[in-house]
Amino acid sequence: MGAPPQVIIHPDADLLAAATAARLIINLQEAQAARGTASVVLTGGGIGTATLRAVRDSPIVAAVDWARVDVWWGDERFVPLDSTDRNDGQARAAMLDALPLDPARIFTMGDPGSTADADAAATTYARLLAGRATAGSPAPARSTADTTAAAPAFDVLLLGIGPDGHVASIFPGSPVVDARATTVAVRDSPKPPPVRITLTFPAIQAAREVWVLAAGETKADAVTRALAGACPMEIPAVGAQGRERTLWLLDRAAAAGVPALAMPAPGR
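Read on for an overview of the structure. Everything numeric here is computed off the predicted structure, so don't read it as measured data.

**Concerning the pattern of salt bridges**
A full pass over the atoms with the stated rule returns 12 salt bridges. With its nearest N and O atoms 3.9 Å apart, the salt bridge here joins D75 to R196. With D75 in strand β4 (residues 75-77) and R196 in strand β7 (residues 196-199), this residue pair connects regions lying 121 residues apart in the sequence. In this pair, the class of D75 matches that of R196, namely buried. The partner of D88 in a salt bridge is R86, and the shortest N-O contact between them spans 2.8 Å. The two residues D88 and R86 agree in class, both being buried. When salt bridges with common partners are traced through the structure, they connect R35, D155 and R208 into a single cluster.

**Side note on the packing of aromatic side chains**
Taken as a whole and assessed by the stated rule, the structure comprises 3 aromatic pairs. Between the aromatic rings of W72 and F107, the centroid separation amounts to 4.0 Å while the plane-to-plane angle is 15 degrees, which identifies the pairing as stacked. A residue pair is termed long-range when its members are at least 10 positions apart, and W72 in strand β3 (residues 69-73) and F107 in the loop between α3 (87-94) and α4 (118-132) qualify at 35 residues. When sorted by exposure, W72 lands in the same class as F107, which is buried. Both rings, one in W72 and one in Y125, keep their centres 5.7 Å apart while their planes meet at 85 degrees; by these two values the pair is edge-to-face. Of the two residues, W72 is situated in strand β3 and Y125 in helix α4; the sequence distance between them amounts to 53 residues. Residue classification places W72 among the buried residues on the basis of a relative accessible area of 1%. By relative accessible area, which is 2% here, Y125 ends up buried.

What counts, and where the lines are drawn
Residues numbered from 1 in each chain as written. Predicted model: local features only at pLDDT ≥ 70, side-chain atom pairs only at ≥ 80, totals over all residues. Heavy atoms only, no water. Salt bridge = Lys/Arg side-chain N within 4 Å of Asp/Glu carboxyl O. Helix = DSSP H or I, 4+ residues; strand = E, 2+ residues; numbered from the N terminus. Buried < 20%, exposed > 50% of the residue type's maximum accessible area, 1.4 Å probe, protein only. Phe/Tyr/Trp six-rings, centres within 6.5 Å; stacked < 30°, edge-to-face > 60°.

The following block contains the structure:
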């Protein structure tokens, strides 16, 4: 089992993005101070992209040595690199192109122009994950010959949540909920485009910290059900757990159904 969820609620989406950006910068700086490098897994979506813009524009962005940060993605749409549907393109425009990152440490997922199909792209990404995993990686390892069974202990893994409770490209009712490989192809996404690549829960749960971001009233039902402990097959976000910490970072609209005891005191 991962760390139980902690809920932090901000007044609105703008403050949620700004506060999450500051939290991320500090976390990555502390990781570098402790281990020399840092790693982050990015997410797409409105609040995820807004958070990246807030990192880019933060007055403390230079606290991180960005050349020593590994950048990964939780999922990707299997479409051409120049498609506006790709999460990595949105991330580059929002933050990555403005920071002094090492291109060799930006691990994008495959696309139809460079990979035979989504399954091959998923296998390639799983091997990249295994190659960066440390000897003490907490992800399951079935054998020393298995190149798809280990994942790095990411410092922070960011996830959005859909109104249906999906995270990354793990949708309700999908067999991906129970997948054991760290990265798999998705061919029947109910949200277009249908073909995707996604990290699975073994890879997600390898992270030191998992942060689930949600803004807006359309997310409130899924947030409420996830925090109430719904079945992961019905609300996959329940499986979004970090080894050391699990944060649900919400605005008030998304937190509308969260019990009063989880709400911050007035004025805080």
